Amino acid sequence: MKILYDDFLSLLVQRKGKWSKNLDHLEKLYFHLRLDQVSYKVIHVAGTNGKGSVCWKIAKALHAAGYSVGLFSSPHLFSYRERIQVDFLKISKKDCECIWGELESASKKFGIELSFFEMTTLTALMYFKSFLVDYVVLETGLGGRFDATNIVTPILSVITMIGLDHTHILGDTLEKIAFEKAGIIKKDVPLILGEKALFDSILTKAKEMSSKIVIADGDFLAFDDENSQIAKKAIAFLKPYLMNDKKVLQAMNTRPEYRFDMKSLKTGKTLITDVAHNPCGFRKNLQYLQKRFEACEMVLIIGLSQHKDTVAIFRELSQFDFPIMLFSSSQSDIQCPCKILTLLKLHDISVENIELLPSLAKAFEKADNCLEYKAIFVAGSFYFMKEAQKIFQNHI
């Protein structure tokens, strides 16, 4: 089947948002394509926050130790091909076309239409198999129990933390969400847990599955310190001797783009960018930042995607005194600032420190030109970070 990258990607995007509470159709394709017959070892990572960073750190550490590593993560920032990497090189368009053609043919044979994420997951697994990688670090997309990545049998499972996000699908309590994340726990497969993942659903499932538990606890000054500790526990469990390797340790202190990324602007201000997009993500970042900046010294520029729990996020933000800028965007996935304001007023959340700007560029310009601000914190959806990068690049 002849497939062109741009055309088929547009078709795939139309299949976004489909989510099945059944993995039987995926397992049929998984075994049909002999994806169970691979030499690589899988580390499977779930969690409300931090899973992307933890995947990155584990993959970086293994790569620094000389192993070939497949990395599957989501969502992407700039290119779909970022989601599927071998040794930190993106999959090519040609490889996507070849694999998509094979997957579409196999899907039609079984009368299956794969969703965006299902197709992407199987594409990654086929790509990693063709490369004969040593390890695959696999990030769940949503939840765990019915996530497309949950068709694999890993050598190590990781759950970073549990927080409220995607409540319309995963449940409206932390315990319900923990139950869904616990779905990645497999029989006799060891489990690394962040200290904010110690929920009854997870501990009970681990006991049922005879999974040895390793807890990544400690005193953490910043959100990323916790991610690093989880990655270190994973590497220490897999390859204890690597914990004496300076290159490996340095690799675990790196992080992917736009995860609490701090840069100096030409005006002397500090620019912090982060893809925090749920209440606990904002809370952790702002708890750290309020230790460095007074309320009058930092402004937040925030863009949220449509499906986020806006009220819960702004209730969290209201616990801090930082001024907030909301901006209008041509991207349909970004919430309209006027609608956000209306929603907040309906829920009796103060909007006194919130200012509306016509665009992200105007919001950044105003913040950068304001003499009283020492820092600008830009956070929210992955989907506007590409636009943000274009705006920021001439000011750094």
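Our structure is the block above this text.
Procedures and definitions
- Residues numbered from 1 in each chain as written.
- Predicted model: local features only at pLDDT ≥ 70, side-chain atom pairs only at ≥ 80, totals over all residues.
- Heavy atoms only, no water.
- Pairing = 2+ DSSP bridges.
- Helix = DSSP H or I, 4+ residues; strand = E, 2+ residues; numbered from the N terminus.
- Contact = heavy atoms within 4.5 Å.
- Axes fitted to C-alpha atoms, helices over the stretch in contact; angles between N-to-C directions.
- Phe/Tyr/Trp six-rings, centres within 6.5 Å; stacked < 30°, edge-to-face > 60°.
- Buried < 20%, exposed > 50% of the residue type's maximum accessible area, 1.4 Å probe, protein only.
- Lys NZ or Arg CZ within 6 Å of the ring centre and 35° of its normal.

### Quick word on the sheet that holds strand β3 (residues 84–86)
Taken in spatial order, the 8 strands of this open sheet run β4-β3-β2-β5-β1-β6-β7-β8, and their pairing is mixed. Because the sheet does not close on itself, it has two edges, and the strands there are β4 (89–90) and β8 (213–216). Strand direction decides the pairing type here: strand β1 (residues 41–46) and strand β6 (residues 156–161), joined by 4 bridges, are parallel. Its bridge partner being in β6, V45 is matched across the sheet by V158. Together, β6, β7 (191–196) and β8 form the strand contacts of helix α8 (residues 200–208), whose direction differs from that of β7 by roughly 160°.

### Some remarks on the packing of aromatic side chains
Going through the model one piece at a time under the given rule, you end up with 14 aromatic pairs. With centroids separated by 5.7 Å and ring planes inclined at 80°, the aromatic side chains of Y80 and F116 adopt a geometry described as edge-to-face. Taken together, the positions of Y80 in the loop between β2 (69–72) and β3 and F116 in helix α5 (residues 116–131) put the pair 36 residues apart, joining distant regions of the chain. For F116, a relative accessible area of 5% translates into the label buried. Look at Y127 and F128: their rings are 6.4 Å apart centre to centre, the planes differ by 50°, and that puts the pair in the tilted class. Taken together through their ring pairs, the aromatic side chains of Y5, F8, Y80, W100 and F116 make up a single cluster. Between the NZ or CZ atom of K16 and the centre of the ring of F116, over which it lies, the distance is 4.9 Å. Over the ring of F88 we find K60; its NZ or CZ atom is 4.4 Å from the centre of that ring.

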